[in-house]
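Examination of the molecular architecture
One-letter residues, chain by chain:
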Amino acid sequence: MNISVIGTGYVGLVVGACLAETGNTVKCADIDQAKIDGLRNNVLPIYEPGLEPLVERNQKEERLIFTTDLRDAIESAEVVFIAVGTPPGEDGSADLKYVLQVATLIGRHMMREMVIVTKSTVPVGSAAKVGAAVAKEAKFPFHLCSNPEFLKEGDAVEDFMRPDRVVLGVASDFARRVMTEIYSPFVRTGKPVLIMDISSAEMTKYAANGMLATRISFMNEIANLCDKMGANVDFVRRGIGSDSRIGQSFLFPGPGYGGSCFPKDVKALVKMASECGVPLDVLTAVESANDRQKTVLVSKLRAALGDLKGKRVALWGLAFKAGTDDMREAPALSIVSALLGEGVSICAHDPAAMEHARVLLGNRIDFAETNYEALTGADALVVVTDWMEYRHPDFERVKRTLKQPVIVDGRNLYDVEKMRELGVRYHSIGRPSA
Ligand SMILES: NC(=O)c1ccc[n+]([C@@H]2O[C@H](COP(=O)([O-])OP(=O)(O)OC[C@H]3O[C@@H](n4cnc5c(N)ncnc54)[C@H](O)[C@@H]3O)[C@@H](O)[C@H]2O)c1
């Protein structure tokens, strides 16, 4: 099938590469010339495990084409995916500006009856706006589909290739048939393709992110309570996760959720609901709990070191989670700005996100080539992101290199007992200190 994907960011690039991998001819179009130039040379703008070989192979075999010529991409397509950004507007609602710009172009340049798929996360009711923008220009019939994306950065290729489910919001048999065909290679093991109306599909994406953000904030609050009441959140997590009604995933406390999706989607959902007079009290609380959680590591550091002015701190991890270089809404940014505000100097390391962090933070902090180098002259280590390489470091070396053996662990990576034996002053989230 001839497919075009408009917007070649985290989502568009993964979708385009994976659809090419199953034999479709895919044009990935973007207005960012530098990004497209890089991709033509197999230089990926993002860090995403497993994506580079897919891009390279499918480009070589001419099934994957990168272009800034949106008109050509639309003209040749039987199906167009819209995968541009939907950043939060000033009031928290999702800004549909880019989606609607693309919809207008699709209407103007389409050359045949086609399916127009919204992959971007958009508020309920957006399909009607997309449809109206297309219809203003279109000379051919078209079929809308809302196909929200549930991939996780860091596991994006695997998630797209082997989805838990595919959600298709459609209003015509034509769209249902075409979209089911496109996804059939990805659901051969029997994972469901859930066909529904368009509004429900749009809502499903927000509800999923709202639920996941809720679990995170809930566990963060329980962990903070464990801290105060002398319980250990590791036991509590296992104790509740073993209940099949609850399940084990998304129960790890941390320094707050970040990234390009949860913060903006929770905001947009709350805004959407308030516009139709439905209060979402739970999600409003989830958001404020998350804002508060981003301050927890700094408070723990203050408790461990006393006055922070003039201290130096090593940060391990800048990306909002392991496996990605994405710094959007990363808790590390709040931590850095709070520490700088208290007169702390910082040396940070991240295996993937330092380039992005340099753009955002400039020379306000130092960057180290290795995680151990970041420790030199530091009064404490703060672990912010749960990268694999931070999980089992050479603790003797850590202790030797730090000025004083203090670790504040925002991801509960280390064994409390072991830290005690090593003589490390160790503080994690919701567990006893050493
Ligand atoms: N990142 C994720 O993990 C994730 C997961 C699921 C859903 N989503 C949703 O998918 C959408 C895209 O997210 P992303 O993270 O890929 O964004 P992104 O910012 O990484 O990429 C968006 C791309 O669209 C391009 N673009 C903007 N306007 C354009 C236009 N008029 N024509 C062509 N290209 C244009 C930009 O240059 C950029 O390359 C958002 O709605 C997001 O909420 C993201």
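Everything below is about the structure shown above.
Summary of the structure given here. (Residues numbered from 1 in each chain as written. Predicted model: local features only at pLDDT ≥ 70, side-chain atom pairs only at ≥ 80, totals over all residues. Heavy atoms only, no water.)

1. So, the overall build of the chain
- When helices and strands are counted, the chain shows 17 helices and 14 strands.
- The C-alpha atoms of the chain give a radius of gyration of 23 Å, which matches the 22 Å a tight globule of 434 residues would have.
- With the C-alpha coordinates aligned to their principal axes, the bounding extent of the chain is approximately 70 × 45 × 40 Å.
- Here the chain holds 434 residues, and the buried ones make up 53% of them.
- If you take every contact in the chain between residues at least 6 apart in sequence, the share linking residues at least 24 apart comes to 73%.
- Charged side chains of the chain number 51 positive and 56 negative; the gap between the two group centres comes to 3 Å. (Helix = DSSP H or I, 4+ residues; strand = E, 2+ residues; numbered from the N terminus. Rg over C-alpha atoms; globule rule 2.2 N^0.38 Å. Buried < 20%, exposed > 50% of the residue type's maximum accessible area, 1.4 Å probe, protein only. Contact = heavy atoms within 4.5 Å. Lys, Arg positive; Asp, Glu negative; His and termini not counted. Charge placed at Lys NZ, Arg CZ, Asp CG, Glu CD.)

2. Considerations on the packing of helix H5 (residues 97–109) against helix H6 (residues 126–137)
- For the pair H5 and H6, the least separation of the axes is 7 Å and the interaxial angle reads 35°. For the element pair H5 and H6, the recorded crossing hand is right-handed. Across from Val99, Leu100, Ala103, Thr104, Gly107 and Arg108 in H5, the residues of H6 making contact are Lys129, Val130, Ala133, Val134 and Glu137.
- Broken down by class, the residue content of the contact of H5 with H6 amounts to six nonpolar, two polar and three charged. (Axes fitted to C-alpha atoms, helices over the stretch in contact; angles between N-to-C directions. Left-handed = near helix turned anticlockwise from the far one by under 90°. Nonpolar A, V, L, I, M, F, W, Y, C, P; charged D, E, K, R; others polar.)

3. Let's talk about the pattern of salt bridges
- According to the stated counting rule, one finds 27 salt bridges in the structure shown.
- Note that Asp95 and Lys97 form a salt bridge whose closest N and O atoms lie 3.8 Å from each other.
- The exposure class of Asp95 is partly exposed, given its relative accessible area of 24%.
- Taking relative accessible area as the criterion, Lys97 reaches 42% and is therefore assigned partly exposed.
- With a shortest N-O distance of 3.7 Å, Lys403 and Asp379 are connected by a salt bridge. (Salt bridge = Lys/Arg side-chain N within 4 Å of Asp/Glu carboxyl O.)

4. Section: the sheet that holds strand E10 (residues 345–349)
- As summarised here, the arrangement of the six strands in space is E11-E10-E9-E12-E13-E14, forming an open sheet in which the pairing is parallel. One side of each edge strand has no neighbouring strand; the edge strands of this open sheet are strand E11 (366–367) and strand E14 (425–427).
- Note: strand E9 (residues 312–316) against strand E12 (residues 380–383), four bridges, orientation parallel. Paired with Val313 across the two strands is Ala380, which belongs to E12. (Pairing = 2+ DSSP bridges.)

5. Side note on the nonpolar core
- Core analysis: the biggest nonpolar cluster contains 61 residues, and Leu315 and Tyr414 have the highest contact counts within it.
- The dominant element in this core, judged by the number of residues it contributes, is helix H13 (residues 296–305), at five residues.
- Discounting residues that sit within four places of it in the chain, Tyr414 has contacts with Trp316, Val383, Tyr390, Arg391, Pro393, Phe395, Ile407, Asp409, Met419, Tyr426 and Arg431.
- If you look at the next biggest cluster of nonpolar residues, it comprises 42 residues, including Leu13, Ala17, Val79 and Phe81. (Core = buried A, V, L, I, M, F, W, Y, C linked by side-chain atoms within 4.5 Å.)

6. Observations regarding the state of the cysteines
- All chains considered together, the criterion is met by zero disulfides.
- Between Cys18, a free cysteine, and Cys28, which holds the nearest cysteine sulfur, the sulfur-to-sulfur gap is 10 Å.
- When its relative accessible area of 0% is taken as the criterion, Cys18 is described as buried. (Disulfide = S-S within 2.5 Å.)

7. Examining helix H8 (residues 173–183)
- Those residues of H8 that fall on the buried side of the exposure criterion are Ala175, Val178, Met179, Ile182 and Tyr183. Along the axis of H8, the buried residues cluster in a sector spanning 125°; they form a single face. (Arc of directions from axis to C-beta.)

By themselves, these figures tell us nothing about what the structure is for.
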